[in-house]
Amino acid sequence: KVKMHLHLLDMSLGELAKAIQPLVSDTMSHFLPETILTGGFILAIILDLLIRKSSQKKLTGYFALIVLAGAFVASWYQWVPFIKGNWEGGRMIFPYFQTLVPQFGMAVVDNFAVFFKLLISLAAIFVVLMSLLSREVEERGRRNGEYFSLMLALTLGMFLMPASTDLVMMYISLELVSITSYIMAGFMKENARSSEASMKYVLFGAFSSGLMIYGFSLLYGLTGTTNIVAIQLVLTEGM
C-alpha cells in the first residue's frame, strides 16, 4: 500500500509539474530584467569574495555596470509601441487565484512599469559611475565590492516597485529598497554623520513600515484581498 501511495503521489506531482511548467516559463520570460539583476547580485557577492586585493575591488563596480546595462536592454525589449487599433495592455506575471476574484498576478509588465525600469537602470548606471570616481568610496577599498552588490539589490527592489499589483509584492519590494538603503546610508561607518544618518533612517523606516502594514491590514480586512485591482473592484461594488 505504501508503495502504491508513493507511486500515486509521484504521478500527481509529475502531472502538477507539467501543468505548471508553461505558466512558469511564460512568467519568467517576462521577468528577465529582474532575473538579470538577481543573478548579477549573487555573482557580484561571489566576485567580491574571490578578489583579495583592495585595489582590485573596483572590478565589482565594472561588473555592476555590465549587469545594469543588461537589465536596461532587457527592459527596453519589453516596451510595447502604441499602434492605433492594435494595442495590448499589460501582462500579469506570477498569477494566483483568490476566492473573491478570478486570476490576478503579483506584478504586471506594461509600459508604465517599463518606463520606470529604464529610468531606474539609467540612474543606477550614473550612480555607479560616480561611485567609481568617488574618493570617499575609493578610500573604503576593501568594502567596495559590498557597496556595488548592494547597489544591484537596491535596483532590483526599485524595479519591482512600479510593477507591483499586490500589497505583499509592494511591501517586499519597498523593504528590499529600504534595508539596502539603511546599510548604504551608514557605509562610511567611521564618519559619525554617516552612522547617525543610518540610525535615523532605520528608526524612520521602521515607523513608516509599521504604519504601512497597518494600512494594508485595514484594506485586507475591508476587501478580503491583497491585489490592488481586486481591491478597486470590491470597493467599487461596495459603493
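Right above here is the structure, for reference.
What counts and what doesn't
In every chain, residue numbers begin from 1 and rise along the written sequence. Per-residue local features are limited, in this predicted model, to residues with pLDDT of at least 70; the limit for side-chain atom pairs, both in listing and counting, is 80 or more; totals at the level of whole chains, interfaces and linings are taken over all residues. Side-chain metrics in this entry use all non-hydrogen atoms of the structure; hydrogen atoms and water are not considered. Stacked, edge-to-face and tilted labels apply to pairs of Phe, Tyr and Trp rings (six-membered ring for Trp) whose centres lie within 6.5 Å, assigned for plane angles under 30 degrees, over 60, and everything in between, in that order. Working definition: with a 1.4 Å probe on protein chains only, accessible area under 20% of the residue-type maximum means buried, over 50% means exposed, and in between means partly exposed. Each helix is a run of DSSP H or I of at least 4 residues and each strand a run of E of at least 2, with the numbering of both proceeding from the N terminus. Nitrogen and oxygen atoms within 3.5 Å of one another constitute a polar contact, given that in protein one can donate a hydrogen and the other can accept it, and given that sequence-neighbouring residues count only through two side-chain atoms. By the convention used here, residues are in contact when the closest approach between their heavy atoms is within 4.5 Å.

Some thoughts on the packing of aromatic side chains
Piece 1. Following the criterion strictly, the structure yields 5 aromatic pairs and no others.
Piece 2. Ring geometry for F115 and F116: centres 5.3 Å apart, planes at 80°, overall edge-to-face.
Piece 3. F115 gets classed as partly exposed once you look at its relative accessible area, which sits at 46%.
Piece 4. What makes F116 partly exposed here is its relative accessible area of 29%.
Piece 5. The interplanar angle of 85° and the centroid separation of 5.2 Å between the aromatic rings of Y147 and F148 together place this pair among those described as edge-to-face.
Piece 6. Assessed through its relative accessible area of 10%, Y147 is described here as buried.
Piece 7. Taking relative accessible area as the criterion, F148 reaches 1% and is therefore assigned buried.
Piece 8. Ring pairs connect the aromatic residues F112, F115 and F116, which therefore count as one cluster.

Quick notes on the side chain of S131
Piece 1. Tracing the backbone shows S131 in helix α4 (residues 111-132).
Piece 2. For S131, a relative accessible area of 6% puts it in the buried group.
Piece 3. A distance of 2.8 Å separates the side chain of S131 from the backbone oxygen of V127, its partner in a polar contact.
Piece 4. Look past the residues within four positions of S131 in its chain and what remains in contact with it is V137, Y147 and F148.

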